Structures are given as structure tokens and as C-alpha cells.
Amino acid sequence: MGFGKGDHLHLIDGSAYIFRAYHALPPLTRKSDGLPIGAVAGFCNMIARYVDGNGTSSDAPTHVAVIFDHSSKTFRNDLYPLYKANRPELPEDLRPQFPLTREASRAFNLATIEVEDFEADDIIATLAHQARDAGGRVTIISSDKDLMQLVGGGVEMLDPMKNRRIGPDEVAEKFGVAPDRVVDVQALSGDSVDNIPGAPGIGVKTAALLIQEYGDLDTLLARAGEIKQPKRRQVLLDHAAQILISRDLVRLREDAPLPMGLGDLEVRAPEPAVLLDFLTRMEFRTLSKRVAGKLGVEPPAIPEPPAAPATAGAPAPAAEPEAQVPFDHAAYACITDAATLADWVAEIADKGWVAIDTETTSLDEMRAELVGISLCVEPGRAAYIPVGHVTGGGDLFGATAPAEGQMPLAEVLAMLKPVLEDPAVLKIGQNMKYDAKIFARHGIRVAPVDDTMLMSYAMHAGLHGHGMDTLCEQYLGHIPIPIKTLLGSGKAQVTFDRVAVCDAVKYAAEDADVTLRLWRRFKPQLHRAHVTTVYETLERPLVPVLAAMEMAGILVDRDTLSRMSNAFAQKLAGLEDEIHTIAGEKFNVGSPKQLGEILFDRIGVPGGERGKTGAYATGADVLEDITTMEDSQPQAALLAARVLDWRQIAKLKSTYTDALQQAINPETGRVHTSYSIAGANTGRLASTDPNLQNIPIRTEEGRRIREAFVAPPGRVLLSLDYSQIELRILAHIAGIPALKQAFRDGLDIHAMTASEMFNVPLDQMTPDIRRQAKAINFGVIYGISGFGLARNLRIPRAEAQGFIDRYFERFPGIREYMDETIAFAKANGHVRTLFGRRIHTPEINAKGPGAGFARRAAINAPIQGTAADIIRRAMVRMPAALDGLPVSMLLQVHDELLFEVDAGAVDETIARARAVMEGAADPAVALDVSLVVEAGQGPNWSAAH
DNA sequence: TGCGTCACG
DNA sequence: GACGTACGTGACGCAC
């Protein structure tokens, strides 16, 4: 018994495991008595996976311990009473699970350590220290950044979720300094989670810079007076004591009194009787069976409680967490013959649902070729049907041949089509719009569908992304096989058809498996989150509508773009020469860094603010200011003016005239964008590849790009857009009588605002006064601040604040709306639109500047989100309303819908589409303000406006 | 890959 | 009283 050179100690951060397990799993209870055991179940699964992993690892530990926090109060509370003071209260159903997790750890025969008055982190630090001194190696199984200070000299970390090793390089990447200086950086930057104060206004990046420059914290504090930036200098001088306390709080103790020595931690196999007894008492059926199988003993019998009554529709949540059915890649089938596929199809039809996923050669659905299809009908049982895999391609000519043993694509599709189109079989996907488009290109109309991405979006917008990897990790506690491991990355990246079939099976089938598990979890949660209506009316029905719009695409005239590109190229060359002459030297005009150095260092323009990277800011607002310095800085003023011209043209050329030509699909001759439904937190769509929601319009030169978006002969483009929809929604939600009346009277709303605020009669309104009022109106929607308005209008801050105060005075209701919205967000962690869409605001109760962002976002979200809901409702109803007319809906630009229609059907289309749009809130919400839609038409998008 | 910049609503 | 600030997006080029 002992520990020395060649030994390898694993230290498992048990407390972190518990919290991870608790949050990853639904609130499960023990069947027989209702004891909450979700966290214990998750904990056991993680430990079981860990033990299994060691069995097959060539780098298995010789010693291992699981470390827990003893209680929430430690010596750090004596150092700083507010330590961890803003931690939320421990959930009621978690506390009783703590002793059970200790018991679980012991049942797996793992040394289990906790020490009064010390955190788990200190015990880990102490053990790591001892093991290192003894000449052994240490792996800390945790992703807690607070442990990163221990890395180095034979100690490394392993992130158990990402299965990623964390060595000195990874620590340096996170903190910007070597592990031995991490404490210094943390002392400066503080930590809002643990309520460590640090130095106000200094984050990790600034802290790392300072430590890099001065070597260590003590030197930095001793020489703080030398710091150039006045704010930083003052902060360090004023808060030295607080920073030193912070260091004591973050520095881990290496002298925790331990109840055992390293030698006592030798790896021991579990005692089957002890472990199975524990699992049996917890009533973990699946895990008991699995563990018994591994240990080669008979699984224990656990009496099955009486079955719950069957419910209609979606299946009830699994009795045990989904994680209890392991993701076992070996259990996934590869379907290569018709008989097997027929069995699967029969089972799908019988079950009434299937999770489905397609593998293709491209993310662009309009160009992607189908490579394989995966199916899953119950957790853990999934299959992959390869149809388009190839072999070869490595030689000079890249010749390939179809991989052997694949069913013909046509036969597979013919067999699947009946279930895919069967109204009684629900097709479940993750981002189904993608798969539906692939199938549509093969003549299959997939319906009905459910989409786990959209379910998550309806429930969790603002909390996290909704991609499969995120959802799987968050809700299933599992990291799916990264696609990169199959395709590689960068230059060496290949398309999915080049992946060996046996590798593809594991990856593809797992995706369908994950999707099905997510669906079983999310489906019953929708109504508990009160977002069933949102999902059923604003998300799910939008999938086929958007798929049709994207497949239709818009006709773009390549010649027009090409001519414009050439003209831009000439103009750019001329401007570039001129700019170089003015500057007196050649430089890259497109480099903000080089431009800044010329303006501020060489020419000597006063001011010049540096950004995060240390380069001067040279944004349009900065350059515009410089153009006004004709008298004092004539050279710089001229240079700035020409650079602004150059930038505008360069933007138009690279982003629009050049890129759009690339985006024209060779088969259809049209441009097909892709809308992300779950991209923007507020409910807005986002357009990508290419983005057709930011085609220029504000300047004359830019607007000409829209002339390249055309209708084919005999047809016209038709644009319908909501007039002032966000201000109308504001008038309704905040209940502003003057604003509502103005909309009823059909007034120019910005002029009315100006008149009301500045006491100018409408018939004496000047464009400049109206412009200011317009900025204030928008400011209100954005969660106005004096600073922001001042910057926008380029007026003194006090004056801007005066405007805002007057606005609140003249339009009572706005202030109340803002206060109530923020209070709601603080109490509930989310805000809602008029149609019930939830937008989470997790930062609203934060301490730092994040709270300011969150407050403004919370004010804006119900307004922007309600507008987004309204146009979604219109879009969902549009196909039925336009049925029979020779028209296609092509694009959505937040408050505008663009159609392509036969010239003879324009009036009828306008009438029907306008009725849908103006009535889109009905009958769910009766708006106090009517919605007004303006229409325009023409041979191209510019003319249609 | 992150940042600065700029296009849109 | 200080903090940093208009809301929501996506794409491009530069510099690392």
C-alpha cells in the first residue's frame, strides 16, 4: 500500500457531478415512496460510465477518490462573509439526495472524502499536492475553472462532459496566463457566481494583460501607480485590500486535514453484493441490469410497481431518466436489405411516430445529395440506411464508386414514402425544415412533423442555443459524436458520402436516437411551460411555409450584378489611388489597424480611442467626426471622407454584387436563402446563406442592388409591409392614449411625437425636429438611455436626458411599461410577448454591466417579439388565403413579405394578402391599434418598394 | 478565430 | 454612486 512514482491518481469532483446530474435530469422520484432521486440516478450513471471507461483505458488510474463539499459554510465565509452569498437557495428536492450520493460513491467502492470547513476544491488541491510530491501523476475530473490553478507538474484536468483534457495550454487559453498565475487573474477579475469582488470593472482579459505586464499580483499592486490608464490605476489603488482578500478566496488550500492517506485510495473493484443492493434499494432497474451484466452476476429482481394509466398522444415521460438507457453505438443497426427495412417501416406505422434524420453532402439543402437516412423508434434502438456512400476518390482523378451493400435510393424512398406521408405517423426531427426540404426534392411531402429544436426554442429562448449538441448535453447529459471526427476539418474536410458506412452508422443513428429522447423529454414539458400554443401556432406550422419559400427562391439577374461589380472595382481603384496620395504612402485601405495608425499616429489627429485589441477605432462615426475637422486637420478630413466612400463601395461589392452572384443556384437560376426559425431570441427569423434580410436600401447607391432582384417575364414582385408595427405595438402594450389616437387619425407618428414634445404645430414641423423625435421613438423601443440617445443624435447627454424626461411626461404609460416589464423579468426570469412567446432574461438579476443589457433587451423583447409573432401568424395563414392564385411568397424581412405573382393577379393578391396581414393578430389578441399594410409592385425589388 | 465594420428591420 | 449603454440579426476582410 502506498503511492509513488508511476502511480496515477484520479480525483473526481463529486459535488460538481451532483449538480450536473440534478440539472440534466427531470425531477424523478422513487416509484415505491416518491423519494426524489433524479440527481442520484444521474450521479450513478456518470460514475458507472466513468468506471466502464477506465476498464478499457490504457491510462487507467491506480488510485481514485471522489471528493464532496461537506457543507456550504467553510473557512472562506470567515474571510469574507459575502462569499457565495448570491448563490440561489438549494432546491428542496436536492438536499435529501446528498447523503445518497455519498452512499452511491461508496457502493461503487470508491474512496469518498469530505472534510468539515473545507470545500471539495481544497481537498482536491491537497491531494494533488501530495501526489505530485510523491512523484505520481494526477488527473482531476472536473471542468471547474477554479481548479485550473492546480494544473502543471504532472497534474492535469479532464472535462468529463466534453471528454477534453485540460493542460497548461488550455488553462493559458482560458485565463491568458500560466496556471501558477491563474489565482492572480481571478483575484483581479473576481467571480460573480461565487460573489468574489475582485477589482471593479476589471475582467479576465484586462487582468491577464496586467499580470502579463507586471509578472504577478504583488508586483502589480506595488507598482500600480505606474499604470497608464487612469481608471485602471485608480481602481487598483483603491481596491488593493479587496483584491488581496479575493486572492485568499480563490487560492486553494493545500493543507486540508485529510482522514486518509494516498495509499488508502488504491483502485478497488466494486463488491457486487454491496453495489447491487444499493441500486436495488434505489429501484434503478436499467442500471442494475447493466451493472450486473458487467460484473457477470444475476441481475436483482426489482418489483414493478402498478403501471400508470396510459395517456393519449405523447408517451409519458420515461419512468427512469433517458440516460438510464445508455447511448450504445454497437446496438445501432445498418439496414442494407428490403426485408429489414420493411420490418422497420411496419414498426413505425404500428408505433405512430419515428425520429428521423438525413445525412447529405452539403448544408445547403438545395444542393445537398442524400447520403443516408436514420430512424429511431425507441431510446437506444436506431438504424441507419446508407444510400449514397462512395469509396475511392483518393487518386489523382478523384474517381469514386458507390460503396457496396447499399440499397438503391429509389427503393428506399419508395418504401419510406407511405409512412413519411402518413397523417397518422408523426415524424420527429431536429431542425425538420432541413430534412423536409431534402425529402421534398425527392417528391416526398413529410407530414405531420414535430421538431425538437423548435420545442426547445419555445421553452428556452434566451437560455441557450437549440442545436442538437447543446440540447443533448444539457438535457440528456451526453456528448454526441462530433461530426468533425468523421469529416475532419479545414482543408482535409470531406463530405459525408466519403465516410465509411460503419462509422456513419454510429454517428447518424445516434442523432436519430438523441432526437427521439429529446422529444420524449420536451413534449410533456411544453404545456408545463405554457408554450404549447406558441409551439403549435407560431413554430411548427411555419416549417412547411418556410421550406416552400426557400425552395421557390428569388430570381436574381447575374448580368446586372456583374456590371455593378465591374463599375465598383473601377471606382475602388480610383479611390484607393486618391487615398494613397492623400496619405503620402501606400497601405491597405481595408485594414482598420493600418488606417488608424496613419490617421492618429502619422497625421496626428487628436483623440483616437483604442479598442480591445489595442487598435484605434475607425468606425463610420469616428471617420465622420474627422471629416468635419477641415480647418484643423484638412489632410485627415479629406482622407476620412475618401475612406468612407471606399468602405461603402467595398461593402456593396464584396457582400452584395460579388457574393450574390455566387449564391445563384446553377440548377434553378435563383437565389435560395435559408431562414433560421430558432436563431433570434425574440422570435424574429434570421436569413443566412445568403442573408437576404439586409439588402441595401438606405442609400441611393446601395438601393440599386435591389434592381437585380427581379420577376421573370409576365410576373411582378409585390411587397407588402407593416407600417410602424413596433410603435403600434408599443402604443397597445403600454397603453398610450395619445399614441393610439395618432394612429387612429393616420398621423405621421414621428411628426406627432415631435409636435407633442417640442410644442411645434404640425404645419410648422421641420425635418430636423422630426428626425430627433423619430430617434426618441426608436430609442423607447430599444430601452432608451440618455447616453445612447445622446450618441445617436450627437447632442450633449444632459440634453438627451431632458428629451427622455419630457417624453415620459407627455406619454404617461411608457415608464410604467418599462418598470413593470423589468419587474416581471426579475421575478420570472423571462418576459412574454402578447401571444405568449417566452424570452428568457437570465442576466436580469446579474450585478455587472450585463444587467443593463438585460434590462434593455427585456424592454425590447415583448415589442420586437410581438411584431415577429404577428408576421409569423400572417405567414402561416398565407398559403390557404392565396390558394388558387398564381403567386409564391418568396421572402420575409421582419415587417415585409415579398411575393412573385402573375401580372394579371396582382390586385387580387394584394387584397387577400393585406387582409391576412392586417388581421394577423385576430382572434387571439384584440389590438387597440389597427395594423396597416402598405403595398408596392414592380419588375424588381427596388420598384416594388 | 475574434474583432471591427457595416448592411438590414 | 458607478458601471457602461441604445434592440435584434449575418457576412465580410483583416490579423493573429
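What counts as what
Residues numbered from 1 in each chain as written. Chains lettered and ligands numbered in written order. Predicted model: local features only at pLDDT ≥ 70, side-chain atom pairs only at ≥ 80, totals over all residues. Heavy atoms only, no water. Helix = DSSP H or I, 4+ residues; strand = E, 2+ residues; numbered from the N terminus. Buried < 20%, exposed > 50% of the residue type's maximum accessible area, 1.4 Å probe, protein only. Contact = heavy atoms within 4.5 Å. Phe/Tyr/Trp six-rings, centres within 6.5 Å; stacked < 30°, edge-to-face > 60°. Lys NZ or Arg CZ within 6 Å of the ring centre and 35° of its normal. pLDDT = per-residue confidence, 0-100. Pairing = 2+ DSSP bridges. Axes fitted to C-alpha atoms, helices over the stretch in contact; angles between N-to-C directions. Salt bridge = Lys/Arg side-chain N within 4 Å of Asp/Glu carboxyl O. Near = heavy atom within 4 Å. Polar contact = N/O pair within 3.5 Å; in protein donor to acceptor, adjacent residues only side chain to side chain. Core = buried A, V, L, I, M, F, W, Y, C linked by side-chain atoms within 4.5 Å. Parallel < 35°, antiparallel > 145°, perpendicular 65-115°, else oblique. Left-handed = near helix turned anticlockwise from the far one by under 90°. Nonpolar A, V, L, I, M, F, W, Y, C, P; charged D, E, K, R; others polar. Arc of directions from axis to C-beta.

Some points on the environment of L127
Assignment of secondary structure puts L127 in helix 5 (residues 120–133). Overall, L127 belongs to the buried group, its relative accessible area being 0%. Counting along the chain gives 127 residues from L127 to E254, while the straight-line C-alpha distance between them is 7.7 Å. With near-sequence residues (within four places) excluded, L127 lies in contact with L9, L11, I67, I113, L258, L262 and L265.

Some points on the packing of aromatic side chains
Applying the stated criterion across every chain yields a total of 12 aromatic pairs. Between F43 and F68 the ring centres are 6.0 Å apart and the planes differ by 40°, which places this aromatic pair in the tilted class. Here F43, found in helix 2 (residues 38–56), pairs with F68, found in the loop between strand 2 (63–67) and helix 3 (75–79); they are 25 residues apart in sequence, far enough to count as distant. Residues Y807 and F811 carry aromatic rings whose centres are separated by 4.8 Å and whose planes lie at 45° to one another, so their mutual orientation is tilted. A single burial state applies to Y807 and to F811, both of which are buried. Each residue in the set Y17, F43 and F68 is aromatic and connected to the rest through ring pairs, giving one cluster. Here the basic side chain of R253 rests over the ring of F75, its NZ or CZ set 4.5 Å away from the ring centre. Geometry around Y616 places R610 over its ring, the cationic atom sitting 4.1 Å from the centre.

Remarks on the confidence of the model for chain A
Should the pLDDT be low somewhere, the predicted coordinates at that spot are not to be read in detail. When pLDDT is averaged along chain A, the result is 91; 97% of the residues meet or exceed 70. The low-confidence segment residues 307–323 (pLDDT under 50) makes 25 contacts with residues lying over four places distant or belonging to another chain.

As for the sheet that holds strand 5 (residues 155–159)
In spatial order, the strands read 3-2-1-4-5-6; together these six strands make up an open sheet with mixed pairing. For this open sheet the edge positions go to strand 3 (111–113) and strand 6 (164–166), each flanked by a neighbour on one side alone. Averaged over all adjacent pairs, the angle separating strand axes in this sheet is 25°, with direction ignored. As paired elements, strand 4 (residues 137–141) and strand 5 share four bridges and run parallel to each other. Counted as the bridge partner of I140 is M157 from strand 5. Contacts between helix 1 (residues 14–24) and the sheet are confined to strand 1 (8–13), strand 2 and strand 4, with strand 1 contributing the most and set at about 45° to the helix.

As for the pattern of salt bridges
Going through the model one piece at a time under the given rule, you end up with 54 salt bridges. Between E539 and R872 there is a salt bridge whose closest N-O contact spans 2.7 Å. Residue E539 is located in helix 21 (residues 532–539), and its partner R872 is located in helix 35 (residues 850–881); the two are separated by 333 residues in the primary sequence. For the pair E539 and R872, one class covers both residues: buried.

Some remarks on the sheet that holds strand 8 (residues 353–360)
Ordered by their spatial adjacency, six strands build an open sheet running 7-10-9-8-13-14, and the pairing between neighbours is mixed. Where the open sheet ends on each side, the last strands, each with one partner, are strand 7 (333–334) and strand 14 (449–451). Strand contacts of helix 17 (residues 452–460): strand 13 (426–429) and strand 14, with the helix running at about 50° to strand 14, the strand carrying the most contacts.

Re the protein's contact with DNA strand C
Around DNA strand C sit 34 residues in total, of which S591, D689, N691, A775 and R791 are the nearest. Atoms of DNA strand C within 4 Å of the protein: sugar and phosphate make up 65%, bases the balance. In the model, a phosphate oxygen of DNA strand C is placed 2.8 Å from a nitrogen or oxygen of the D689 main chain. Contacts to DNA strand C include A775, whose backbone N or O atom sits 2.8 Å from a base nitrogen. Within the residue set of the surface near DNA strand C, elements represented by two or more residues are helix 24 (592–602), helix 26 (634–663), strand 18 (686–688), helix 31 (767–781), helix 32 (786–793) and helix 35. The dominant element in the surface near DNA strand C, judged by the number of residues it contributes, is helix 35, at five residues.

Looking at the protein's contact with DNA strand B
The local shell around DNA strand B holds 24 residues, among which T618, A620, I697, R698 and D895 are the closest. Among the atoms of DNA strand B close to the protein, meaning within 4 Å, 78% are from sugar or phosphate groups. Within the side chain of R647, a nitrogen or oxygen atom sits 3.0 Å from a phosphate oxygen of DNA strand B. R684 places a polar side-chain atom, nitrogen or oxygen, 3.0 Å from a base nitrogen of DNA strand B.

Examining the pairing of strand 1
Burial within strand 1 is extensive, with six of its six residues counted as buried. Neither face of strand 1 is open: one carries H8, H10 and I12, the other L9, L11 and D13, and all of them are buried. Where strand 1 lies against strand 4, five bridges are found, and the strand directions are parallel. Among the inter-strand pairings, L11 is bridged to a residue of strand 4, identified as I140. Judged from the five bridges that link them, strand 1 and strand 2 form a sheet pairing that is parallel. Pairing of H10 across the sheet is with V64, part of strand 2.

Overview of the pairing of strand 10 (residues 381–386)
With respect to burial, strand 10 is a largely interior element, five of its six residues being buried. Sheet topology note: the strand 7/strand 10 ladder contains two bridges and is parallel. Bridging from a neighbouring strand, C334 pairs with Y384 of strand 10. Following strand 9 (residues 370–378), the chain reverses through two residues before pairing antiparallel with strand 10; G380 in that reversal takes a positive phi of roughly 90°.

Quick look at helix 17
With nine of nine residues buried, helix 17 is to be regarded as a mostly interior element. The set of residues buried in helix 17 consists of T452, M453, L454, M455, S456, Y457, A458, M459 and H460. Where helix 17 starts, the residue carrying a side-chain oxygen 2.9 Å from the main-chain nitrogen of M453 turns out to be D451. Looking one or two residues beyond helix 17, the residue adopting positive phi is G462, at roughly 95°.

Focus: unusual backbone geometry
Following A447, the chain continues to P448 via a peptide bond in cis, the omega torsion being -10°. Locating P448 in the fold gives a position in the loop between helix 16 (432–441) and strand 14. For the bond running from D922 to P923, omega is -10°, close enough to zero to count as cis. Inspection of the secondary structure puts P923 in the loop between helix 36 (906–918) and strand 25 (933–938). Residue D117 is not a glycine yet carries a positive backbone phi of 75°. In this structure, D117 sits in the loop between strand 3 and helix 5.

Comments concerning the nonpolar core
Ranked by size, the top nonpolar core spans 170 residues in total, and within it I554, Y722, M875 and F899 carry the most contacts. Among the elements that make up this core, the one with the highest residue count is helix 20 (residues 501–528) (12 residues). If we ignore the near neighbours within four places in the chain, the residues touching F899 are V716, L717, L718, L720, M878, L882, V887, S888, M889, L890 and A913. Counting 52 residues, the second-largest nonpolar core is a separate cluster that includes M157, L217, I243 and L262.

Digging into the packing of helix 17 against helix 21
Here helix 17 crosses helix 21 at 130°, and the two axes come no closer than 9 Å. Here helix 17 lies oblique to helix 21, going by the angle between them. Once helix 17 is placed against helix 21, the crossing between them reads as right-handed. Residues L454, M455, Y457 and A458 of helix 17 touch helix 21, and the partners they reach there are V534, Y535 and E539. Tallied by class, residues from the contact of helix 17 with helix 21 come to six nonpolar, no polar and one charged.

Remarks on the side chain of T618
Position of T618 relative to the elements: it lies in the loop between helix 24 and helix 25 (620–627). Residue T618 is classed as buried on the basis of its relative accessible area of 6%. Excluding residues that lie within four positions of it along the chain, T618 makes contacts with P592, L595, G596, L623 and R647.

Quick look at helix 21
Listing the buried residues of helix 21 in full gives V534, Y535, L538 and E539. The buried residues of helix 21 all sit within an arc of 110° when viewed along its axis, so they share a single face. Of the surrounding secondary structure, the elements contacted by the buried residues of helix 21 are strand 14, helix 17, helix 20, helix 22 (542–552) and helix 35.

Re the side chain of R517
As for its placement among the helices and strands, R517 is situated in helix 20. A polar side-chain atom of R517 sits 2.8 Å from a polar atom in the side chain of D513.

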